[in-house]
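# Chain and residue survey
Okay, here's what each chain looks like letter by letter:
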Amino acid sequence: MERNIIVTGAAGNLGRAVISKFKREGYRVIALVEPESGDELEEADDVYEVDVTDAASVQDFAKEYQLQYGEVDAIGLLVGGFAMGDIENTGTEDLEKMIRLNFYSAFNMVKNFLPVMRKADFGNFLFVGARPALQPEDGKGVVAYALSKRMVEELANYVAEEAKGTRIRAHLFVPSIIDTPPNREAMPDSDFSLWVSPADIAEAMHYAVNNPALRNMTFKLYGGV
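Here's a quick rundown of the structure.

### Some remarks on the nonpolar core
In this structure, Ile6, Phe61, Ile75, Met109, Phe113, Phe125 and Phe127 are the most contacted members of the largest nonpolar core, which totals 35 residues. When contributions to this core are tallied by element, the ones reaching two or more residues are β2 (28-33), α2 (55-68), β4 (74-77), α3 (92-120), β5 (123-128), α6 (143-162) and β6 (168-175). Sorting elements by how many residues they give to this core places α3 first, with eight residues. Judged by nonpolar contacts, the second largest core, of 30 residues, contains Ile178, Ile201, Leu214 and Phe219.

Here it is as structure tokens:
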């Protein structure tokens, strides 16, 4: 039986690592990329251009997905954005941008695919949180980002509550600094060996999906930082 995983934000550094890991493990990977981005993902089985921050776009994709594939084993909710700024230097437009990228991108997928998982009584939502959302001392300089990621973490909790008594699970992965080229460029004097690699996060996601004894876990992937 085919095992399917949908990966949003598939063209990003974490997305590519997740695709590579699950593909090696025999999954059929359905990758979602930003419309008109021109992103190519050779490892993915199928690639769809979907604006996951737009409710109607996700609804259309969900209908198409059910026609083409049916059930879904896991959804990696990897679309996101980052912004600096303390309270005084954060405007409502900053909040709206972060909420759209980090929260709406996850909420729209959950809203449209939770019924699919209910029908099969099975599935895994893989949410990506952030340490600043859990620790105020880390979040005070990235307020809009931290607040939006806090919403993602609460969404994971609500999914877990709604899915009680089923085989639907909501796992949360909370990295510190992910070792990516943009982060290295932004912080060139840092000790990169202390950061978390995208491959390590992908490994944790695969482990969570394939261990049914784990329910609604929070994985703190802080590396050495």
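### A few points about the pairing of β6
Extensive coverage of β6 is indicated by the burial of eight of its eight residues. Across the two faces of β6 the burial is the same, with Ile168, Ala170, Leu172 and Val174 and Arg169, His171, Phe173 and Pro175 all buried. Where β6 and strand β7 (residues 218-221) come together, four bridges link them in parallel fashion. When the sheet's bridge partners are listed, proline 175 is paired in β7 with leucine 221.

### So, helix α8 (residues 198-209)
With twelve residues, α8 should reach 16 Å at 1.5 Å per residue; the first-to-last C-alpha distance of 17 Å fits that figure. Within α8, the full set of buried residues consists of Pro198, Ile201, Ala202, Ala204, Met205, His206, Ala208 and Val209. Contacts from the buried residues of α8 go to α1 (13-24), β4, β5, β6 and β7.

### Regarding the sheet that holds β6
Pairing is parallel in the open sheet, where seven strands are placed in the order β3-β2-β1-β4-β5-β6-β7. Looking at which strands have only one partner, the edges of the open sheet turn out to be β3 (46-49) and β7. The mean angle between the axes of side-by-side strands here comes to 15°, regardless of whether they run parallel or antiparallel. Sitting on the sheet, α8 is in contact with β4, β5, β6 and β7, with an inclination near 160° to β6.

### Section: the pattern of salt bridges
Considering all chains together, one arrives at ten salt bridges under this definition. Between arginine 167 and aspartate 121 there is a salt bridge; the shortest N-O distance is 3.7 Å. In this pair, arginine 167 is assigned in the loop between α6 and β6 and aspartate 121 in the loop between α3 and β5, connecting sequence segments 46 residues apart. Among the ionic pairs, glutamate 161 bridges to lysine 164, the shortest N-O distance being 3.4 Å. Residue classification places glutamate 161 among the partly exposed positions, given a relative accessible area of 47%.

### Some words on unusual backbone geometry
Leaving glycine out, the prevailing phi sign among residues is negative, and the prevailing peptide bond configuration is trans. Residue aspartate 121 is not a glycine yet carries a positive backbone phi of 55°. Residue classification places aspartate 121 among the partly exposed positions, given a relative accessible area of 31%. One non-glycine residue, asparagine 216, adopts positive backbone phi at about 55°. Note that asparagine 216 resides in the loop between α8 and β7.

### Thoughts on the packing of aromatic side chains
One pass over the structure, following the stated rule, counts twelve aromatic pairs. Residues phenylalanine 61 and tyrosine 65 carry aromatic rings whose centres are separated by 6.1 Å and whose planes lie at 55° to one another, so their mutual orientation is tilted. With phenylalanine 61 and tyrosine 65 both in helix α2 and four residues apart, the pair spans about one turn of that helix. As far as the burial class goes, phenylalanine 61 and tyrosine 65 line up, both buried. Between phenylalanine 103 and phenylalanine 107, the aromatic rings sit 5.7 Å apart at their centres with planes inclined by 25°, giving stacked as the arrangement. Residue phenylalanine 103 and its partner phenylalanine 107 are both found in helix α3; the two are separated by four residues, about one turn of the helix. Assessed through its relative accessible area of 13%, phenylalanine 103 is described here as buried.

Reading guide: rules and limits
Residues numbered from 1 in each chain as written. Predicted model: local features only at pLDDT ≥ 70, side-chain atom pairs only at ≥ 80, totals over all residues. Heavy atoms only, no water. Core = buried A, V, L, I, M, F, W, Y, C linked by side-chain atoms within 4.5 Å. Buried < 20%, exposed > 50% of the residue type's maximum accessible area, 1.4 Å probe, protein only. Helix = DSSP H or I, 4+ residues; strand = E, 2+ residues; numbered from the N terminus. Pairing = 2+ DSSP bridges. Expected span 1.5 Å × (residues − 1). Contact = heavy atoms within 4.5 Å. Axes fitted to C-alpha atoms, helices over the stretch in contact; angles between N-to-C directions. Salt bridge = Lys/Arg side-chain N within 4 Å of Asp/Glu carboxyl O. Phe/Tyr/Trp six-rings, centres within 6.5 Å; stacked < 30°, edge-to-face > 60°.

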